Structures are given as structure tokens and as C-alpha cells.
2 protein chains.
Amino acid sequence: MLENASKLTETLLKFTDLGEKSLNLFLESGFKIRKNKGERLITAGEVADCLFFVEKGFIRSYYLREEKDITISFSLKGDFITSMSSFILQQPSYENVEAIEEASLWAIKHKDLMNLFHTDQKLEHIYRLVLEHYYIRIEEELIFSKFKSTKERYLNLLHSRPEIIQKASVGQIASYLDMSIETLSRIRANI
Amino acid sequence: MLENASKLTETLLKFTDLGEKSLNLFLESGFKIRKNKGERLITAGEVADCLFFVEKGFIRSYYLREEKDITISFSLKGDFITSMSSFILQQPSYENVEAIEEASLWAIKHKDLMNLFHTDQKLEHIYRLVLEHYYIRIEEELIFSKFKSTKERYLNLLHSRPEIIQKASVGQIASYLDMSIETLSRIRANI
DNA sequence: AAAATCATTTGACAAAAATCAAAAAAAATC
DNA sequence: GATTTTTTTTGATTTTTGTCAAATGATTTT
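Residues numbered from 1 in each chain as written. Chains lettered and ligands numbered in written order. Predicted model: local features only at pLDDT ≥ 70, side-chain atom pairs only at ≥ 80, totals over all residues. Heavy atoms only, no water.

Going by the annotation in an unreviewed UniProt entry, the name recorded for chain A is Crp/Fnr family transcriptional regulator, with Arthrospiribacter ruber given as the source organism.

This is the structure we're talking about:
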């Protein structure tokens, strides 16, 4: 088995029992990669070639709109991350994905992943399950984004994903929660 | 082939060439159903038993928060619709799904869909492709939801999905775009 | 068709959040 | 370790949007 892909193994097995053969085929079709703080996994304008899995570290996706840097998502240990629309359609990405802190990742190229699906049916099955999981997650995010007050949105994030509050900057969190830096700072001042 | 499932056939074949056998197996595992204006496809608190496809009509998903009716999504001819988290996890739905106008639908039960995946690998493949498509769509919605002004959000919807503006009420659109009815009314008054 | 109900518009005002500006604190660089 | 740069906080003000209320318009019911 691929060394240091223990979190990925654990995560996959939570979805379904893949069997050792399929699991190893999957792990070995990808590769390990490290990114330093500030390094990009995906750059806007380029096609997202890889799907990544975070073994360690903290990743942020963002795009630029009218000179402003807007956070789309945060990814922690145990999360898959890529620019989904770019990876799926193999079209240029509108988002950047970068390491906020030094990260250990597992990565698989789009082409290799597609080939796996032909080789081993179980792998398309587990990919489908993972996709469903992320669909539910983004649907929840969409609902939370409609929570009325800025305070409610902040408190919701604080409860549901406290690691993000600890690791990300005020500016990064503010754009993610769709409020100004000053508003977020004031919310935090009054707990 | 199942009568009057022409839009479904067309939609599926846009994703991949299924072959007549797989296509018919899929179509015949579901059933046609009509819903009158106001009738529910899914009720909050109950498990979403079916995945629906809109052959004709207009469908709205919404949930209740603090007495208020908040629109989650609109579905038109050519869309799949269910309460995804409920359907996937087979847990009670937090959302209601109902016909805004009389609708012709194709529906498949969760159990039957899962069985199909065992019978015919191609069907899990196309389901995966459809899921990816909807993932990209919801990701776009999340990004649009962070557009700053109420006017921008309205104009974006007007451009991207004009049928919704025509068919839904001011109140339904306002909650979908996360603004008050009065604000939406004023935006429309100033074009 | 009249009455009743519901949806939409408009106006006045209040509340929430953004913006602008400057100070304080923290982090990065030399 | 001092200086520069960046981030965060705090204050004052403006803008945006929500709320309340009433009027108008549309739809449904009797």
C-alpha cells in the first residue's frame, strides 16, 4: 500500500468496502505531492488536471471578482479538493486553489481516474458515493448562505467547522461568509 | 420504449450513448406520474422515495424557516429533481418539493435505481455523469448567491434562467434570491 | 358580479451592513 | 531586533436593504 495515504484509505473505507485489490489499484494510480504555504494546486485559466485529497494541511479555493479575492471553499485533512467544474469538463478553471499552510496531498490525474473507471467498476461506484457526499455538503452550504444575519452565518460556521475559524484569516473568512472584514471583526468582538 | 419520456431520452443521450438496451431498461424501471398544481412530490419529514425527471411543468423546492417559506430551487422541463440529501441518505427530507403548475414527470424509486446499478454498469456511469452536471450547477448557484447587490442577483437570474422569472411569483423569486418581496418589486420597477 | 382573499406595488422609516479613515496589533523582511 | 508591511480593530458616516403600513391590482370564491 502507498505509504502515508492512511487518511485517504480510512476515508474511502467509510463509504464502502472496496476490497484490498481495488483500494490498492486506486491508491497506486495517484501520487503524493507536497505544497508549501502559498503554492497553488490549481491556477485560474488553466485546466484542473488533478483531483487532490488532503492528507495534511489547509487549502483554500478562491476567485477574483472586481479586484477582490472571494473565498469559495476551505479544505482540511480528509477532504477531496479540485476545481470541480474545470476537472469534470476539462475546461479552464475560474478559481485558484492554494495551500494556506504546508500541505501533504494525494493526487490523481483526470485521465488516470477515467481509465480506472473502465478497469474496475467498484471505483466508479465509490467515486459516485463520494460525489453524492459532496453534493449534500454544497447543498447545505447554499442553504446556510441564505441565513439572514451576518452573525448567524458566522456562528453557523463556528459550530460546523471550527478549524476554519482557527486557521483562516479574517479576510478569508469574511469573503467566504459574504460580509465585510469590518463586520466580521465586530461580530467576533461581541463574541 | 416508454411513451412520453422523450425529453428524458434526449437528456440522457446528451450525456453518453447508452445503447438501446440500457436506455430501455432505465426508462422501464421508472414510471410516469402527473401532479396537479399545488401537489407535492416530496413532503418535509418524509423520506424522498423517488428521483423525478420533469417532462413538462414547473417544480419548486422550499423549506420553512421561522414561519417563512424559502425557495431552494426551481426545476423545469428537462431537469431531474428530488430532495437530494434525503434521497441519497434515505433520511427524512427537510424540504418540500411541489408542482407550481401541472406537471408530467418520470419517476424512479430509490431501491429500483440502486438495483439497476448492479444490473447494468452503464447506468451507474450515466448517473455519475448526471450527478457531476448537477454538482457544477449548484456550485455556480453558490457563487452567484454571493454576488453583492440584490440587483446583480436578480439580473443574473433573469439572464441565466428567464423562464423562472416568467413563471414564479415575486415572493418565490425573492426568497430564492435572498431578498425581501419589496426589494424585488422595486428592482423590477426600475428594470 | 360582488365579496373576499391573496399578491404586488409604493411610501416612510428603521435596521443592518458597507465604506471610509485611522489606530493598533501582528507578521514578515531586512 | 528594528523597520516595513500587512492584518485586524475601532469609530464615524453613508448606503443598502428590510420592515411596517397602506393602497392598488389580481384572482378566487360565493
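Having seen the model, we can carry on.
Draft legend 1. Geometry of the packing of aromatic side chains. All chains considered together, the criterion is met by 12 aromatic pairs over all chains. Ring geometry for Phe26 of chain B and Trp106 of chain B: centres 5.0 Å apart, planes at 35°, overall tilted. Within this pair, whereas Phe26 of chain B is found in helix H2 (residues 20-29), its partner Trp106 of chain B is found in strand S6 (residues 96-109), the two being separated by 80 residues in sequence. Each member of the pair, Phe26 of chain B as well as Trp106 of chain B, carries the same accessibility label: buried. A centroid spacing of 5.6 Å and a plane angle of 15° characterise the contact between Phe58 of chain B and Phe74 of chain B, whose relative ring orientation is stacked. Within this pair, whereas Phe58 of chain B is found in strand S3 (residues 50-65), its partner Phe74 of chain B is found in strand S4 (residues 68-76), the two being separated by 16 residues in sequence. For the pair Phe58 of chain B and Phe74 of chain B, a shared accessibility class is recorded, and that class is buried. One aromatic cluster is present, built from ring pairs that chain together Phe53, Phe80 and Tyr134 of chain A. (Phe/Tyr/Trp six-rings, centres within 6.5 Å; stacked < 30°, edge-to-face > 60°. Helix = DSSP H or I, 4+ residues; strand = E, 2+ residues; numbered from the N terminus. Buried < 20%, exposed > 50% of the residue type's maximum accessible area, 1.4 Å probe, protein only.)

Draft legend 2. Structural detail: the pairing of strand S6 (residues 96-109) of chain A. All names here are of chain A. Within S6, 11 of the 14 residues are buried, which leaves it mostly tucked inside the rest of the structure. Note: strand S1 (residues 31-35) against S6, 5 bridges, orientation antiparallel. In the strand pairing of S6, Lys32 is matched with Trp106. Bridge analysis of strand S2 (residues 40-42) against S6 gives 2 bridges, and the strand direction is antiparallel. Bridged to Arg40 within S6 is Glu98. Note: strand S3 (residues 50-65) against S6, 11 bridges, orientation antiparallel. Each residue of the ladder has a partner; that of Phe53, found in S6, is Trp106. (Pairing = 2+ DSSP bridges.)

Draft legend 3. Representation of the pattern of salt bridges within the structure. Per the counting criterion, the structure on display carries 22 salt bridges over all chains. The partner of Glu124 of chain A in a salt bridge is Arg128 of chain B, with the nearest N and O atoms 2.9 Å apart. Taken together, the residues span two chains, with Glu124 of chain A in helix H5 (residues 121-145) and Arg128 of chain B in helix H5 (residues 121-145). Side by side, Glu124 of chain A and Arg128 of chain B carry an identical accessibility label, which is buried. By sharing partners, the salt bridges in this structure join Lys7, Glu10 and Lys14 of chain A into a single network. (Salt bridge = Lys/Arg side-chain N within 4 Å of Asp/Glu carboxyl O.)

Draft legend 4. Seen up close, the protein's contact with DNA strand D. Within the structure, DNA strand D sits among 16 residues, and Ser185 and Arg186 of chain A together with Thr150, Thr183 and Arg186 of chain B are positioned closest to it. At the protein interface, 55% of the atoms of DNA strand D within 4 Å belong to sugar or phosphate. Val170 of chain A places a polar main-chain atom, nitrogen or oxygen, 3.1 Å from a phosphate oxygen of DNA strand D. Interatomic distance of 3.1 Å between a side-chain N/O atom of Arg186 of chain B and a base oxygen of DNA strand D. Elements that contribute at least two residues to the surface near DNA strand D include exactly helix H8 (170-176) and helix H9 (181-189) of chain A together with helix H9 (181-189) of chain B. Sort the elements by how many residues they give to the surface near DNA strand D and H9 of chain A lands first, with 5 residues. Its residues placed into classes, the surface near DNA strand D shows 4 nonpolar, 7 polar and 5 charged. (Near = heavy atom within 4 Å. Polar contact = N/O pair within 3.5 Å; in protein donor to acceptor, adjacent residues only side chain to side chain. Nonpolar A, V, L, I, M, F, W, Y, C, P; charged D, E, K, R; others polar.)

Draft legend 5. Looking closely at the UniProt feature "domain: Cyclic nucleotide-binding" (unreviewed entry) in chain A. UniProt marks residues 14-117 of chain A with the feature "domain: Cyclic nucleotide-binding" (unreviewed entry), using the numbering shown here. For residues 14-117 of chain A, the helix share is 25%, the strand share is 47%, and the end-to-end C-alpha distance is 20 Å. (UniProt positions renumbered as here; feature names shortened; annotations may be inferred.)

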